[in-house]
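Listed below are the residues making up each chain.
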Amino acid sequence: MDPGSLPAVAGLGTAVPPLRISQADSLAFILANFRIREGTKSLYRRVMSHPGVAFRHVALAEPAEIMETDLDRIHARFQRWAVTLGAEALTRALAAAGKTPEELGFLATTTCTGTLCPGLSSYLAESCGLARGLAAVDLVGMGCGAALPALRQADSWVRTHPQGTAAVVAAEICTAAMFDGDSADLVISNSIFGDGAAAAVVGAPAAGRVSPRLVDFASATYPEWRESLRFRTEGGRLRNVLARDVPARAGEAVPALVRELLGRHSLAPDGVGHWLLHPGGANVLDAARDGLGVPEERLAASRRILRDYGNMSSPSCLFVLQEEIATSPPRAGELGVLAAFGAGFSVHAALVRFE
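Bear in mind the structure is a predicted one, so any value in this text is a computation, not a measurement. (Residues numbered from 1 in each chain as written. Predicted model: local features only at pLDDT ≥ 70, side-chain atom pairs only at ≥ 80, totals over all residues. Heavy atoms only, no water.)

Caption draft 1: Broad picture of the nonpolar core. Core analysis: the largest hydrophobic core is formed by 36 residues, its most contacted members being Val258, Trp275, Leu277, Val337, Phe341 and Phe345. Going through the elements one at a time, helix 7 (246-263), strand 11 (274-277), helix 8 (282-292), strand 12 (335-342) and strand 13 (346-354) are the ones with two or more residues in this core. The biggest single contributor to this core is helix 7, with 8 residues. Excluding its chain neighbours within four sequence positions, the residues that come into contact with Val258 are Trp275, Leu292, Val337, Ala339 and Ala349. One finds Val9, Ala150, Ala154 and Ala170 within the second-largest nonpolar core, a separate group that totals 34 residues. (Core = buried A, V, L, I, M, F, W, Y, C linked by side-chain atoms within 4.5 Å. Buried < 20%, exposed > 50% of the residue type's maximum accessible area, 1.4 Å probe, protein only. Helix = DSSP H or I, 4+ residues; strand = E, 2+ residues; numbered from the N terminus. Contact = heavy atoms within 4.5 Å.)

Caption draft 2: Spatial organisation of the side chain of Arg213. Locating Arg213 in the fold gives a position in strand 8 (residues 212-221). Although Arg213 lies buried, it forms no salt bridge, and the closest oppositely charged side chain, Glu355, sits 6.7 Å away as judged by the N-O distance. Polar contacts involving the side chain of Arg213 include one to the main-chain carbonyl oxygen of Leu6, which spans 2.6 Å. (Lys, Arg positive; Asp, Glu negative; His and termini not counted. Salt bridge = Lys/Arg side-chain N within 4 Å of Asp/Glu carboxyl O. Polar contact = N/O pair within 3.5 Å; in protein donor to acceptor, adjacent residues only side chain to side chain.)

Caption draft 3: Region of interest: helix 3 (residues 71-97). Taking 1.5 Å of rise per residue, 27 residues should cover 39 Å, and helix 3 covers 38 Å from first to last C-alpha, within 8% of that figure. For helix 3, the capping residue at the N-terminal end is Asp70, with a side-chain oxygen 3.1 Å from the backbone nitrogen of Asp72. Gly98 lies just past helix 3 and shows a positive phi near 70°. (Expected span 1.5 Å × (residues − 1).)

Caption draft 4: View of the pairing of strand 9 (residues 229-234). As defined by bridge partners, strand 9 adjoins strand 10 (residues 237-242) across 6 bridges and the pair is classed as antiparallel. In the sheet register, Arg232 faces strand 10, and the bridge partner there is Arg239. Counted between consecutive antiparallel strands, the loop separating strand 9 from strand 10 contains 2 residues, among which Gly235 sits at a positive phi close to 65°. (Pairing = 2+ DSSP bridges.)

Caption draft 5: Highlighting unusual backbone geometry. Each neighbour pair has its own omega, and for Cys117 with Pro118 the value is 5°, a cis peptide bond. For the bond running from Gly344 to Phe345, omega is 0°, close enough to zero to count as cis. By the element assignment, Phe345 lies in the loop between strand 12 and strand 13. One non-glycine residue, Ser266, lies in positive phi territory at about 55°.

Laid out in structure tokens, this is it:
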């Protein structure tokens, strides 16, 4: 297919809650309020002194709200903020694409940090004034990598509706799954995850604008690694499971999938100019970089998003794409790879060509 006729990411939008908290302030709050052992406090000090994450945005009226234990109130906070941030991100993405809400024909949403039935798409349709005939799907249980399968669904819909417009919204309130404890994986989770939402509009790009055209997608699932990265329910609440081997798993699975995807098009990693990797953590980015043989400077957008926002789960890779376009504007003909991994253990990648 002619690259100029491929569906494009025609507009991007992001949103974060207004409360921005530094790692130093987060650490002070945790040490003062969490019921944890001295050894756990020492681990928090080591983890949160790492420069990889400096700030996070959190969907809280005030930090003390994180201590809430009532399940109904926690869920209400998740729902309120997921809808609010998702609607803000979608509104901005539609404006960037020059589209009205009524023009949207397909919507795929992702979230894993809470449960809604009907799904997030129902609430966004109401909040954003989307058309009654909208086709919508809600992807759940896919974790941090979910935006790419959702983008794949939007791409497929546009290919069968060439004059249509689709969108993806990824919204995560990671703080709704945060609670105290002495487990090392809780320390890591509480130290790196933040809240946010991102949206991408897929269709024909605005005239005269270099936009990422969606060339191809790939995914892989490793159920034998399921216990390394997942949510489980503990005391009725979602609790993140984040094993120590996650960076190694990502460092193996992400390069393998990306090489497979590039190989379909007779490409190698050194032919890719823009690397848009999920900022799952500093060690994760290190492992993916080394596995792919990518120069560190090519990960600048991922590092900045991790530093300024933490790991926001599924919206993160769309934040990275927006950051890359803003700070290192791609030229026509250049290639990019988006890659993310998530619960399961699953890994996803997309090849884009800027045209």
